[in-house]
Amino acid sequence: MKDRWFLLKQLLTCSALVVAAFLVACGSSDNGGSAAAPGSMSVSLTDAPACGFDEVNVTVSKVRVHQSSSADDKAAGWTDIVLSSPRKINLLNLNDPTQTNGALDYLGETSLAAGHYTQVRLVLVPNSVGSPFANSVVLSGSPGEIALDTPSAVQSGIKLIHQFTVGSGQRVDLLLDFDACKSVVQTGNGKYKLKPVITVIPFVLNGIEGFVDPALLGSKVDVSAQANGKIVRATMPNANPLPNPNRGKFFLARLAPGVSYDVVITADGHATAVIADVPVQSDISITTISTSTAPFTLQSSASQDINGTVTLDPADDDGTVIVAAKQTLSSGPTVTVKSKVAAVIANDPVGDYGYNNLTLPIAAPSLGTYGTGTLPITLSTTVPDQSAVAKIYTVQGSAQVDTTVYAIQTPLPQPVDITAIPTQNFTLKP
């Protein structure tokens, strides 16, 4: 079971965005000398399956972009994203099977002129003598970090050649697909060496962006775009330390155009906030729902842990079982507040999975509806009145074993007061 779960985790890695660094264009001049409308670009890092590693750690110090593919690291014309302090990132750490793309960890922002670019460099911090290591691997099933030797190129940046254009008024994301399986090699003397294999995949971005109050950032803030109560995209706000003008910013990228989404914001020790009917007009449009000067805040709330057992029928211990706690707002949508992967219960009958410590706020959620007026959108627990919603959740489960989907729940999911009924057991059938 452990080996199967590890394999599943690696497969999920392929679609999980691990880190993102946003560059906002400042505009440029075209050949006629007139000012071009600003565009924007972001850089994201992901990884392919990692072939037997529990961790593949790299420490990023900056990302660099240039319009010339032949420019060396000392040439004029580089635009840099410099982290306030280098960040050690486990490329496998942000995989979350309860979400379709994992969570984003923003690195920072810088201005970038709209135009044509041909070179990107990813700059890593080299290992120093002794541990802890800036770059390391942890073998599957073996404790302790092993130093990951890095090439001298990390001093000037891992050179990536790829042509892309930041169009006027567009937002372009460069997905740097870091293939850990091919990038980490074992040498003859038993050491591990980084030989980066990185593919650059461009996307024109659309989505929803905004800010949460930076005072919330120590409370595990999650922001998601949902449709019909299902998480379509999820992220975490920019938590880089000051000075950082984009601290608290979030961006929900790659959303279907012509669709309206419910944006759900949660944080430990705080009530849920929902912004309903946020439109994404096109495949290049970005909808702003709050700003750095008027960010979203959340009310404080006590919490209740819920737990229970999920039984698969027919029984199987090789499934992925997800438990979601949903809430239906008064005159508002049904949303997923929290979700969690249930684990096989040791020494129990085959097919029994347990979930616990699914922590939910018991205060009334706040609701706002998207509009084109002053930001941020007003959130309220009283207009409409959400008092009847407080503490009321519907727990729904789903599971998959190979290609078999378990979606029929017995007893049927019903809204209950989780302070009165914190334990909810149920069976799932195909």
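Residues numbered from 1 in each chain as written. Predicted model: local features only at pLDDT ≥ 70, side-chain atom pairs only at ≥ 80, totals over all residues. Heavy atoms only, no water.

Draft legend 1. Up close: the sheet that holds strand 18 (residues 259-266). One open sheet holds the five strands; their spatial order is 16-15-18-19-25, and the pairing between them is mixed. Two strands lie at the open edges of the sheet, namely strand 16 (230-235) and strand 25 (366-369), each paired on one side alone. Across the sheet, the mean angle from the axis of one strand to that of its neighbour is 25 degrees, orientation sign disregarded. Sheet topology note: the strand 18/strand 19 (residues 273-280) ladder contains six bridges and is antiparallel. Looking at strand 19, one finds that V264 is bridged to V274. (Pairing = 2+ DSSP bridges. Helix = DSSP H or I, 4+ residues; strand = E, 2+ residues; numbered from the N terminus. Axes fitted to C-alpha atoms, helices over the stretch in contact; angles between N-to-C directions.)

Draft legend 2. Representation of the pairing of strand 8 (residues 146-149) within the structure. The sheet contact formed by strand 7 (residues 136-139) and strand 8 spans two bridges and is antiparallel. When the bridges of strand 8 are listed, V137 appears paired with I146. Hairpin connection from strand 7 to strand 8: six residues lie between these consecutive antiparallel strands, with G141 at a positive phi of about 80 degrees. Taken together, the two bridges between strand 8 and strand 12 (residues 192-194) define a ladder with parallel strand orientation. The partner of D149 across the bridge, within strand 12, is K193.

Draft legend 3. The arrangement of the nonpolar core in detail. Of all hydrophobic cores here, the largest spans 28 residues; its most connected members are L122, L124, L160, F178, V184 and I198. Of all the secondary structure elements, the ones that give two or more residues to this core are strand 3 (53-66), strand 4 (79-90), strand 6 (115-124), strand 9 (158-166), strand 10 (171-178), strand 12 and strand 13 (198-205). The element best represented in this core is strand 3, accounting for six residues. Excluding its chain neighbours within four sequence positions, the residues that come into contact with L124 are V58, T59, V60, S61, N135, V154, I158 and L194. Membership of the second largest hydrophobic core comes to 26 residues, among which are V264, L329, Y406 and L428. (Core = buried A, V, L, I, M, F, W, Y, C linked by side-chain atoms within 4.5 Å. Buried < 20%, exposed > 50% of the residue type's maximum accessible area, 1.4 Å probe, protein only. Contact = heavy atoms within 4.5 Å.)

Draft legend 4. Here's a closer look at the environment of H162. On the secondary structure map, H162 appears in strand 9. The spatial distance from the C-alpha of H162 to the C-alpha of T118 is 5.1 Å, given a sequence separation of 44 residues.

Draft legend 5. Expanded view of the environment of Q226. With respect to the helices and strands, Q226 occurs in strand 15 (residues 222-227). For Q226, a relative accessible area of 0% puts it in the buried group. The spatial distance from the C-alpha of Q226 to the C-alpha of V263 is 6.2 Å, given a sequence separation of 37 residues. Setting aside anything within four residues of it in sequence, one finds Q226 in contact with I231, V232, Y261, D262, V264, V335 and T336. A distance of 2.8 Å separates a polar atom in the side chain of Q226 from the backbone nitrogen of T336. (Polar contact = N/O pair within 3.5 Å; in protein donor to acceptor, adjacent residues only side chain to side chain.)

Draft legend 6. Representation of unusual backbone geometry. Cis peptide bonds are those with omega within 30 degrees of zero, and the linkage from D313 to P314 qualifies with 10 degrees. Looking at the secondary structure, you find P314 in the loop between strand 21 (303-312) and strand 22 (320-328). For the peptide bond that leads from T410 to P411, omega is -5 degrees, which places it in the cis range. Mapped onto the fold, P411 is located in the loop between strand 28 (408-410) and strand 29 (416-417). One non-glycine residue, K220, lies in the positive phi region at around 55 degrees. If you trace the backbone, K220 turns up in the loop between strand 14 (207-211) and strand 15. The phi dihedral of S331 falls on the positive side, at around 55 degrees, and the residue is not glycine. Within the secondary structure, S331 is located in the loop between strand 22 and strand 23 (334-344).

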